[in-house]
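Descriptive structure summary
This is what each chain is made of:
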Amino acid sequence: MNKKKRIIVLFTALICFIAAELYAQKDISLKEVFKDYFLIGTAVNHFQLSGNDTLAVSIVKDQFNTVTAENELKWEPVHPRLNVYNFEPADLFVEFGKKNNMFMVGHTLLWHNQTPAWVFKNDQGESADRETLLKRMHEHIQKVAGRYKAQINGWDVVNEALDEDGTLRQSQWMKIIGEDYIAKAFQYANEADPEAELYYNDFSLENKPKRDGAVRLIKKLQSQGIKIDGVGLQGHYKMDWPSAAQLDSTIKEFAAIGIKVMITELDIDVLPYKDISAEITLTMDNQDKYDPYKNGLPDSAQKSLAERYSDLFKVLVQNKNTVDRVTFWGVTDKESWLNYWPIPGRKNYPLLFDREGKPKQAFDAVVKTSKIN
Ligand code: G3I
């Protein structure tokens, strides 16, 4: 073979190799890879549900077997005014889940955030009393969880009820009703859909004081005979928090009290930060030093993110008998909330698919962890 022919053969082989790699990569599906371990899913947003983001939708269909509504079922969009419900966006979510045969998670019946001010006020515009608020909560849960009875499979009944020290957050729910608002919410949800799984969902539960608070809260519900099926560790992680050991012990501690454990809002923030929590009320000023990857994530940072995902997923795989579900908070880096919080307009890279919908090194690293045991 002359030199020219050899070059052509080598070049053709190289093209075939690249094509095969690309095809093989496209063919890898997280839901297949982890099918014997746990459900794997993503949050979906209105842009996707209304059919405007076809790229993300095709990734969701190929890769995931469970979906969570990122915003559509929160009080503000679904019940914006007294006696006014808007179910259109939430109906799209449920149609999407049904059509694609996915486990659907309703997020969330009760939260301190994204709840309109009127909910906590009486006719005179003063603070509502306990009875009024309990009645409103009951009606809301009946209407929302009741509408999707036997369709939405699990509900984040109460979201983020704890402070970092493990005491109950002084939300309007807590101030007006008192601490039994949590038990009431779970009872009402169970009444609205007895078959649905019911979860308590929060961030930073990997930190001991808050985790202890959650364990106390869950044990109390259990001792009162109130149905609670699982705890959601939101999983808004950083490059250096939590440690793999912290995640492992957190999963084991919740498993020991007899409930399902799930990672419900997974993403890894690669940008510099000051606070470690996912507290939505925190904001920061925009400064260049907090937005270092405006022009793309360098290869070294891609690699570190892949290693970080690998370390955390190894823990999830090792705890596969306890971990019931792992849900990412978004499909591609483009639509992640971390581009807007705590500083609006930064470029973040927290997920497994890049802005063009291509799997990142982190995707491959996650897939590899499925083979560790
Ligand atoms: O839909 C309205 C739109 O009509 C309006 O024009 C626009 C103007 O700002 O706002 C749109 O609503 C935004 C909504 O996202 C939908 O995009 C809200 O302002 C914005 O605050 C909201 O942010 C969401 C945030 O929760 C607050 O609800 C994020 O998308 C969502 O990712 C984030 O998710 C939370 C979980 O629910 C709980 N755990 C923490 C997690 C991250 O904060």
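Relevant structure appears above.
None of the values given here were measured: they were computed from a predicted structure. (Residues numbered from 1 in each chain as written. Predicted model: local features only at pLDDT ≥ 70, side-chain atom pairs only at ≥ 80, totals over all residues. Heavy atoms only, no water.)

**Structural notes on the packing of aromatic side chains**
Counted by the stated rule, this structure contains 17 aromatic pairs. Ring plane angle 25 degrees and centroid distance 4.7 Å describe the contact between Trp337 and Trp341, whose orientation is recorded as stacked. Here the two residues Trp337 and Trp341 agree in accessibility, since each one is buried. Through pairs of rings, three or more aromatic residues link up here, namely Phe34, Tyr37, Phe38, Phe64, Tyr309, Phe313 and Phe328. Its guanidinium or amino end placed over the ring of Phe203, Lys210 lies 3.7 Å from that ring's centre, counting from NZ or CZ. Its end group placed over the ring of Tyr37, Lys320 keeps NZ or CZ at 5.3 Å from the ring centre. (Phe/Tyr/Trp six-rings, centres within 6.5 Å; stacked < 30°, edge-to-face > 60°. Buried < 20%, exposed > 50% of the residue type's maximum accessible area, 1.4 Å probe, protein only. Lys NZ or Arg CZ within 6 Å of the ring centre and 35° of its normal.)

**Some words on the nonpolar core**
Proteins that are soluble and globular tend to have nonpolar side chains buried together. Phe254 and Phe313 are the most contacted members of the largest nonpolar core, which totals 105 residues. Broken down by element, the residue count for this core peaks at nine residues, all from helix H12 (residues 299–318). Among residues more than four places away in sequence, those in contact with Phe254 are Leu205, Arg211, Ala214, Val215, Ile218, Val231, Leu233, Ile259 and Val261. (Core = buried A, V, L, I, M, F, W, Y, C linked by side-chain atoms within 4.5 Å. Helix = DSSP H or I, 4+ residues; strand = E, 2+ residues; numbered from the N terminus. Contact = heavy atoms within 4.5 Å.)

**Some remarks on the pattern of salt bridges**
By the definition in use, this model includes 15 salt bridges. With a shortest N-O distance of 2.9 Å, Glu179 and Lys220 are connected by a salt bridge. Here the residue Glu179 occupies a position in the loop between helix H8 (172–177) and helix H9 (181–192), and Lys220 occupies one in helix H10 (residues 208–223), the gap between them amounting to 41 residues. With relative accessibility at 44%, the residue Glu179 sits in the partly exposed group. Under the relative-accessibility criterion, Lys220 is labelled partly exposed at 43%. (Salt bridge = Lys/Arg side-chain N within 4 Å of Asp/Glu carboxyl O.)

**Notes on unusual backbone geometry**
Here the bond from His107 into Thr108 is cis, since omega is 5 degrees, no more than 30 degrees from zero. Cis rather than trans, the peptide bond between Trp341 and Pro342 has omega equal to -5 degrees. Mapped onto the secondary structure, Pro342 falls in the loop between strand E9 (323–328) and helix H13 (361–369). Positive phi outside glycine occurs at Asn101, with the angle close to 55 degrees. Secondary-structure assignment places Asn101 in the loop between helix H6 (88–99) and strand E3 (103–110).

**Considering the site of the ligand**
Near the ligand you find 15 residues, and of these Glu70, Lys74, His107, Gln114 and Glu265 are the closest. Note that an oxygen atom of the ligand is positioned 3.0 Å from one of the side-chain N or O atoms of Asn71. His107 is positioned with one of its side-chain polar atoms (N or O) 2.6 Å from an oxygen atom of the ligand. Taking 780 Å² as the accessible area of the ligand by itself, protein coverage stands at 52%. (Near = heavy atom within 4 Å. Polar contact = N/O pair within 3.5 Å; in protein donor to acceptor, adjacent residues only side chain to side chain. Areas by Shrake-Rupley, 256 points an atom, 1.4 Å probe, with all protein chains shown as cover.)

**Re the packing of H10 against helix H11 (residues 244–256)**
Direction vectors running N to C along H10 and H11 enclose 15 degrees, while the axes themselves pass 11 Å from each other. One way to sum up the angle between H10 and H11 is to call them roughly parallel. When you trace H10 past H11, the crossing you get is right-handed. On H11, the residues that touch Arg211, Asp212, Ala214, Val215 and Ile218 of H10 are Gln246, Ser249, Thr250, Glu253 and Phe254. (Axes fitted to C-alpha atoms, helices over the stretch in contact; angles between N-to-C directions. Parallel < 35°, antiparallel > 145°, perpendicular 65-115°, else oblique. Left-handed = near helix turned anticlockwise from the far one by under 90°.)

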